[in-house]
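So the chains spell out like this:
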Amino acid sequence: MSDLVIRKIPWTFDTAVPFRWQPANPLMGIFGNVFTFFAVPFEQYIIGALRDAEHLITDPAVAAECRAFVRQEAQHSSAHRKHLNSLIKQYPGLEETRREVTDRFDGLLATRGIEFHVSYIADIEATFTPLFKVFLDHRDSIFGGGDPRVASLILWHFVEEIEHRSSGLAICAHLTSSRWTRTRFAPATAGHVLGVIETITRGFDRHVPEADRGMSAYRAMRSDVVLSELRARLRPRFRGPRRNPLPARIFHDVSTRELAGMIGRLIASQAPYHNPADQPLPEWAAVWMRAYERGADMTTFFGR
Ligand SMILES: [Fe+2]
Ligand SMILES: [Fe+2]
């Protein structure tokens, strides 16, 4: 028996969901749209790869965890698909982008073996708890003022990624011969993820008019997310305050110590003996779950 809860939440998105859904933190707005275009095909890849791997699982507890994990990811995929479809309806060229990203994941399924798939899944999933803890701990400065539907969708997804933080690793440990296998595949995984992000952001720049996106999505994800954080944090120390203001940063409200801790945990998440059970967790995940259990409307839970 797995402890994971399968929550079917009635998400609704229509064409009124703007591409710039988070004007108060524009880089987060781009990141959230990239996340949607990444999540749908990635989670379909998880479902496809684990369907092929299921018959190899000999431990009933791992098999139960695998089934529950796949069901949660299927919920995420279908919820984000609604957001994705609303963006494609407004910018039909993005259908091409969706297809290109799907092709990249189908390419993995066609050319790689089970050990790679479960490593790829475990490697990515292991980064989510350190990363999403920062988003949840600083939700007001990151999501505040944004469209409540998109903000609530992403926050729900982050909460459940933290809930099933051990699933991908348990499946990977069961189906690979060595703890080092997934660490060995980490560079190939990172390379593939960066390639997918490039495809998505170049698609946004090609198919969404600049007036609607406000900035180059490609530049925002390739350099601005990291470089503007570094410039803002290091420059005052070495060269004094800047004359021109920097573009708003996703993590402007997060201390350098916290960000450094997150980066350390992200690196550690790829190591062979990483155990997600030891991770510090965001308190708000429990707040979200209690509200869900009370029967609150989670589709606009954040930002009302
Ligand atoms: Fe997910
Ligand atoms: Fe996941």
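Everything below is about the structure shown above.
Note that the structure is a prediction, hence the values are computed from the model and not measured.

Within the protein, the secondary structure is distributed over 12 helices and 0 strands. The secondary structure elements of the protein, listed N-terminal to C-terminal, are α-α-α-α-α-α-α-α-α-α-α-α. The C-alpha radius of gyration of the protein comes to 19 Å, within 12% of the 19 Å expected for a compact globule of 304 residues. In terms of overall dimensions, the protein has C-alpha extents of about 60 × 45 × 45 Å along its principal axes. Residues counted as buried form 38% of the 304 residues belonging to the protein. Within the protein, contacts between residues separated by at least 24 positions form 84% of all contacts whose residues are at least 6 apart in sequence.

Before going further, it helps to examine the environment of Arg51. With respect to the helices and strands, the residue Arg51 is situated in helix 1 (residues 26-53). Note on Arg51: 11 C-beta atoms within 10 Å, which makes it exposed. Once the C-alpha coordinates of Arg51 and Glu161 are considered, the two residues, 110 residues apart in sequence, prove to be 20 Å apart.

The next point concerns helix 2 (residues 60-90). Along its 31 residues, helix 2 runs 45 Å from first to last C-alpha, staying within 8% of the 45 Å computed at 1.5 Å per residue. Looking at the packing, one finds that the buried side of helix 2 touches helix 1, helix 3 (94-111), helix 6 (148-163) and helix 7 (167-175).

As a further point, take the packing of helix 1 against helix 8 (residues 180-207). Running from N to C, helix 1 and helix 8 cross one another at 120°; their axes reach a closest spacing of 10 Å. Regarding the angle of helix 1 to helix 8, the classification is oblique. Considering only the axes of helix 1 and helix 8, their crossing is right-handed. Note on element contacts: helix 8 touches helix 1 through Val196, Ile197, Ile200, Thr201 and Phe204, opposite Asn33, Val34, Phe37 and Phe38. Residue composition of the contact of helix 1 with helix 8, by class: 7 nonpolar, 2 polar and no charged.

What follows is about the nonpolar core. Counting residues in hydrophobic clusters, the biggest one holds 67 residues, and the most contacted among them are Ile121, Leu155 and Phe158. When residues no more than four places from it in sequence are discounted, the contact partners of Phe158 are Phe132, Phe135 and Leu136.

What follows deals with the packing of helix 4 (residues 114-137) against helix 6. Interhelical geometry of helix 4 versus helix 6 gives an angle of 140° and a closest axis separation of 9 Å. Comparing their axes, helix 6 and helix 4 come out oblique. In the crossing of helix 4 with helix 6, the sense of the turn from one axis to the other is left-handed. Contacts between helix 4 and helix 6 involve Phe128, Thr129, Phe132, Phe135 and Leu136 on the former and, on the latter, Phe158, Glu161 and Ile162. Of the residues contributing to the contact of helix 4 with helix 6, the split by class is 6 nonpolar, 1 polar and 1 charged.

Here the focus is the environment of Phe251. Of note, Phe251 is situated in the loop between helix 10 (217-239) and helix 11 (256-268). Judged by the 23 C-beta atoms lying within 10 Å of it, Phe251 falls in the buried class. For Phe251 and Val134, which are 117 residues apart along the polypeptide, the C-alpha to C-alpha distance reads 8.5 Å. With residues up to four places along the chain from it excluded, the contact list for Phe251 reads Val134, Glu229 and Leu259.

Another aspect to go through is the environment of Gly48. Inspection of the secondary structure assignment puts Gly48 in helix 1. Judged by the 16 C-beta atoms lying within 10 Å of it, Gly48 is partly exposed. In the structure, Gly48 is positioned 69 residues away from His117 in sequence and 9.8 Å away in space, judged by C-alpha atoms.

Its 18 residues place the ends of helix 3 26 Å apart at the C-alpha level, agreeing with the 26 Å of an ideal helix rising 1.5 Å per residue. Taken as a whole, helix 3 has its buried residues at Leu94, Thr97, Arg98, Val101 and Phe105. For helix 3, the angular spread of the buried residues around the axis is 105°, confining them to a single face. Pointing more than 90 degrees away from the buried face of helix 3 are the exposed residues Asp103, Gly107, Ala110 and Thr111.

What counts and what doesn't
- Residues numbered from 1 in each chain as written.
- Chains lettered and ligands numbered in written order.
- Predicted model: local features only at pLDDT ≥ 70, side-chain atom pairs only at ≥ 80, totals over all residues.
- Helix = DSSP H or I, 4+ residues; strand = E, 2+ residues; numbered from the N terminus.
- Rg over C-alpha atoms; globule rule 2.2 N^0.38 Å.
- Buried ≥ 20, exposed ≤ 12 C-beta atoms within 10 Å, placed from the backbone.
- Contact = placed C-beta atoms within 7 Å.
- Expected span 1.5 Å × (residues − 1).
- Axes fitted to C-alpha atoms, helices over the stretch in contact; angles between N-to-C directions.
- Parallel < 35°, antiparallel > 145°, perpendicular 65-115°, else oblique.
- Left-handed = near helix turned anticlockwise from the far one by under 90°.
- Nonpolar A, V, L, I, M, F, W, Y, C, P; charged D, E, K, R; others polar.
- Core = buried A, V, L, I, M, F, W, Y, C linked by C-beta atoms within 7 Å.
- Arc of directions from axis to C-beta.

Worth remembering: the numbers are spatial, not functional.
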